[in-house]
Every structure is written in C-alpha cells, then in structure tokens.
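# Summary of the model geometry
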Amino acid sequence: MPKFIARSVIAFLCLMLHVSASQAEPTIIDAPTAHQMQQEGSVTLIDIRRPSEWRDTGIAKGARTITMHDPEGQTGFLTAIIAGVDGDKTAPIALICASGVRSTWASAFLTQNGFTQVMNVKEGMLGRGSLRGWMKQSLPLDPAPAEN
C-alpha cells in the first residue's frame, strides 16, 4: 500500500475516533429524578413506548408521548422528537420506555443525531432487575392520550 494511502487511512481513523469521543453520552437518571426535573420544568420527559402500552399503564405525569415505533421508522421518530422540542436540539430531554431497553437505544440515536442534553430513565415505567421503575415507586401517572 502506498504511503499516502496508509497516511490517509490513519488520518481518517483518527478523525473518526475524535468525532466519536467528542459526542456526549446520554446521562442515566432514575425515575424520581426524572419526575422532579420534569416538575421543575428543567427537562422534557418523553414516553417513547407504543400507544397500546400507554393505554395499558398510563404515562408518567406530564410526559409527552412520542412513540419510537413511528410508521416512518427512525426518520419519523427523529422528526417527531425535533418537533416536540420546537427544533431545539440543545433542549434537555429525558426518555422513558417500559424497562430501559428502548430508551437506551433512542438516547444514543438522538445523541448521534445532534441532541446535546439527552437523559435516559433506564429503569423505565415497569422496572427491570433491581431497578424498580416509575410505577413501582408510585410516581404519579396521567391517563393515556386520546387517539386521533
């Protein structure tokens, strides 16, 4: 391999490592902290579960409902989140799902797409393992939004 190609490959890899390292990792918070922050108005809490899940359990009090299961896929989900924060990718948001699996993926996805203050309520609504979740901690709920 010619030296200039090898140097180009090395430079590209270094750049990619720098870009990856410079992207902030989503912050993990617990349900009581998410509730407190949402009540103070310092974060927008977004429930990303399916509408059927919202109907089954209700949603975290004051949370916005933006399903990650958008009919338009990841693009639709991203567009809905951007609209949910009035286009401000620097707005602090906290994502919650059932048990933290989907919110972990969605937090990383939004961070990779330019959001700078993403928090993950990793214990979710139902809890997982030793994590109790929103509902088992008797945090307040709102009814599911009416279907359009």
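Everything here concerns the structure above.
Quick look at the structure, then. (Residues numbered from 1 in each chain as written. Predicted model: local features only at pLDDT ≥ 70, side-chain atom pairs only at ≥ 80, totals over all residues. Heavy atoms only, no water.)

## Digging into unusual backbone geometry
As a reminder, the rule being used: Here a helix means four or more residues in a row that DSSP labels H or I, a strand means two or more in a row labelled E, and each is numbered from the N terminus. The buried label applies to any residue whose accessible area, calculated with a 1.4 Å probe on protein chains only, is under 20% of its type's maximum; exposed applies above 50%, and partly exposed to all values in between.
Despite not being glycine, D86 has its phi angle at roughly 50°, a positive value. Locating D86 in the fold gives a position in the loop between α4 (73-84) and β5 (93-96). In this structure D86 comes out as exposed when scored by relative accessible area, which is 74%.

## Digging into the packing of α4 against helix α5 (residues 101-112)
Defined as follows: Fitting a line to C-alpha atoms yields each axis, with helices limited to the stretch in contact; the angle taken between N-to-C directions then spans 0 to 180 degrees. If an angle is under 35 degrees, it is roughly parallel; if it is over 145, roughly antiparallel; if it lies from 65 to 115, roughly perpendicular; otherwise it is oblique. It only takes one pair of heavy atoms within 4.5 Å for two residues to be counted as in contact. Gly counts as polar in this scheme, as do all residues outside two lists: the nonpolar Ala, Val, Leu, Ile, Met, Phe, Trp, Tyr, Cys and Pro, and the charged Asp, Glu, Lys and Arg.
Between α4 and α5, whose axes approach to 11 Å, the crossing angle comes to 75°. Put simply, α4 runs roughly perpendicular to α5. Where α4 approaches α5, its residues Q74, F77, L78 and I81 are matched on the opposing element by W105, A106, F109 and L110. In the contact of α4 with α5, the residues fall into seven nonpolar, one polar and no charged.

## Let's talk about the pairing of β5
We count it as follows: Following DSSP output, two strands are said to pair if at least two bridges run between them.
Of the two faces of β5, the one lined by I93 and L95 and the one lined by A94 and I96 are each fully buried. Both strand β2 (residues 44-47) and β5 contribute to a ladder of four bridges, which runs parallel. Counterpart to L45 in the pairing with β5 is A94. Here β5 pairs with strand β6 (residues 118-121) via three bridges, running parallel. Looking at the pairing, I93 lines up with V118 of β6.

## Re the packing of aromatic side chains
In plain terms, the rule: Any Phe, Tyr or Trp ring, taking Trp's six-membered ring, that has another such ring centre within 6.5 Å forms a pair; planes under 30 degrees apart are called stacked, those over 60 apart edge-to-face, and the others tilted.
Summed over the entire model, instances satisfying the criterion amount to two aromatic pairs. With a centroid separation of 4.9 Å and an interplanar angle of 10°, the aromatic rings of W105 and F109 are classed as stacked. Taken together, the positions of W105 and F109, both in helix α5 and four residues apart, correspond to about one turn of that helix. According to the relative accessible area criterion, F109 is buried, its value standing at 9%. Connected via pairs of aromatic rings, a cluster forms that spans F77, W105 and F109.

## Some remarks on the pattern of salt bridges
What counts, and what does not: Salt bridges, as used here, are contacts in which a Lys or Arg side-chain nitrogen is within 4 Å of a carboxyl oxygen on Asp or Glu.
In total, this model carries three salt bridges according to the counting rule given. One salt bridge in this structure joins R102 and E53, with 2.8 Å as the shortest N-O distance. Residue R102 is located in helix α5, and its partner E53 is located in helix α3 (residues 51-57); the two are separated by 49 residues in the primary sequence. K61 is the salt-bridge partner of D142, the closest N and O atoms lying 3.6 Å from each other. Of this pair, D142 sits in strand β7 (residues 141-142) while K61 sits in the loop between β3 (59-60) and β4 (64-65), and the two are 81 residues apart along the sequence.

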